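# Survey of secondary and tertiary structure
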Amino acid sequence: MRFLIDFFPIGLFVAAYKLHDIYTATAVLMVATLVQTGLIYAIDRRLQTLQKVTLVLVIVFGVLTLALHDERFIKWKPTVLYASMAIVLGAALWVWKKNFLQILLGSQLSLPTAVWARLTVIWIGYFLFMAGINAYVAAYYSTEDWVNFKLWGYVFPIVFIVGQGLYIARYLKDGDTPGDGAQKP
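Below is a short write-up of the structure. (Residues numbered from 1 in each chain as written. Predicted model: local features only at pLDDT ≥ 70, side-chain atom pairs only at ≥ 80, totals over all residues. Heavy atoms only, no water.)

### A few points about the packing of helix H3 (residues 49–68) against helix H4 (residues 72–94)
Running from N to C, H3 and H4 cross one another at 155 degrees; their axes reach a closest spacing of 9 Å. In terms of orientation, H3 and H4 fall into the roughly antiparallel class. Crossing of H3 over H4 shows right-handed handedness. Listed contacts from H4 to Leu50, Val53, Thr54, Leu57, Val58, Phe61, Gly62, Leu64, Thr65 and Leu68 of H3 are Phe73, Ile74, Lys77, Val80, Leu81 and Met85. (Axes fitted to C-alpha atoms, helices over the stretch in contact; angles between N-to-C directions. Helix = DSSP H or I, 4+ residues; strand = E, 2+ residues; numbered from the N terminus. Parallel < 35°, antiparallel > 145°, perpendicular 65-115°, else oblique. Left-handed = near helix turned anticlockwise from the far one by under 90°. Contact = heavy atoms within 4.5 Å.)

### A word on the nonpolar core
By size, the foremost hydrophobic cluster in this structure holds 39 residues, and its most contacted members are Phe13, Ile22, Leu111, Leu119, Phe127, Trp146 and Val147. Breaking this core down by element, the ones donating at least two residues are helix H1 (2–19), helix H2 (22–44), H3, H4, helix H6 (113–140), helix H7 (143–152) and helix H8 (155–169). The dominant element in this core, judged by the number of residues it contributes, is H6, at 11 residues. When neighbours within four sequence positions are excluded, phenylalanine 127 is seen to be in contact with Tyr82, Met85, Ala86 and Leu89. (Core = buried A, V, L, I, M, F, W, Y, C linked by side-chain atoms within 4.5 Å. Buried < 20%, exposed > 50% of the residue type's maximum accessible area, 1.4 Å probe, protein only.)

### Some points on the packing of aromatic side chains
The final tally for this structure, using the stated rule, is 13 aromatic pairs. Judged by centre distance (5.6 Å) and plane angle (70 degrees), the rings of tryptophan 123 and phenylalanine 127 are edge-to-face. Taken together, the positions of tryptophan 123 and phenylalanine 127, both in helix H6 and 4 residues apart, correspond to about one turn of that helix. In this structure phenylalanine 127 comes out as buried when scored by relative accessible area, which is 5%. Ring pairs connect the aromatic residues Tyr82, Trp123, Tyr126, Phe127 and Phe160, which therefore count as one cluster. (Phe/Tyr/Trp six-rings, centres within 6.5 Å; stacked < 30°, edge-to-face > 60°.)

### Remarks on H7
In an α-helix, one turn spans 3.6 residues; hence positions three or four apart end up facing the same way. For H7, the full list of buried residues reads Thr143, Trp146, Val147, Phe149 and Lys150. The arc that holds every buried residue of H7, seen down its axis, measures 155 degrees, which confines them to one face. On its buried face, H7 sits against H1, H2, H4, H6 and H8. (Arc of directions from axis to C-beta.)

### Focus on H1
Helix length check: H1 (18 residues) gives 26 Å between terminal C-alpha atoms against 26 Å at 1.5 Å per residue, within 8%. The largest bend along H1 reaches roughly 40 degrees and is located at phenylalanine 8, with the proline proline 9 sitting one to four residues downstream. Where H1 is buried, its residues contact H2 and H7. (Expected span 1.5 Å × (residues − 1). Bend = angle between axes of the 7 residues up to and from the residue.)

### Remarks on the environment of glycine 106
Tracing the sequence through the fold places glycine 106 in the loop between helix H5 (100–105) and H6. With relative accessibility at 15%, the residue glycine 106 sits in the buried group.

### With respect to the side chain of threonine 33
By secondary structure assignment, the location of threonine 33 is in helix H2. We classify threonine 33 as buried; its relative accessible area is 3%. Not counting the four nearest positions on each side in its chain, threonine 33 is found in contact with Pro9, Leu55 and Val58.

### Looking at the packing of H2 against H3
Running from N to C, H2 and H3 cross one another at 160 degrees; their axes reach a closest spacing of 9 Å. As far as their axial angle goes, H3 and H2 are roughly antiparallel. In the packing of H2 onto H3, the handedness of the crossing is left-handed. Residues Tyr23, Thr26, Ala27, Leu29, Met30, Thr33, Leu34, Thr37 and Ile40 of H2 lie in contact with H3, whose contacting residues are Gln51, Leu55, Val58, Ile59, Gly62, Val63, Thr65 and Leu66. Split by residue class, the contact of H2 with H3 holds 11 nonpolar, 6 polar and no charged. (Nonpolar A, V, L, I, M, F, W, Y, C, P; charged D, E, K, R; others polar.)

### A look at unusual backbone geometry
At arginine 45, a residue that is not glycine, the phi angle is positive and equals roughly 65 degrees. Tracing the backbone through its elements, the reader meets arginine 45 in the loop between H2 and H3. Its identity is not glycine, yet lysine 97 carries a phi of approximately 55 degrees, on the positive side. Secondary-structure assignment places lysine 97 in the loop between H4 and H5. Residue lysine 97 is classed as exposed on the basis of its relative accessible area, which comes to 65%.

Dropping the structure here:
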């Protein structure tokens, strides 16, 4: 169910682009992201920071795209989002000595501190990869190709999530409670 909610805006965006144009698709994306955010809030009774940031960026870059009639804004939104997330996670880990990933997920997942640090570095690398690949496609390919990339590019987060799950599985034990240390890294 959650995957469908997450995929909902991009699916509608691609459909609107195929049926109309990038500007119609941008307006559809803005509305769909608002609806998605409302659904998530209705289910969870809260929004995560990433959901809030995504909504703000979709609205801001969408308005710029529509107001200035310039598709580059919506095409660069994912690069800005991914690069921002990498910068925040990196600054938190290496400058402020805080692991935001552990802070956000530590109550749900018990992992050794070293594993949390490696996971954060892996997330930073993933976000930088996604920012770079979106920037490359947005800069060097047609809008049609970029939209197709947005649809088929969903394979990257799926592979990332599966890989991450396989990586952390060996550190999880039945009955672990947060903070008990699980296995050594």
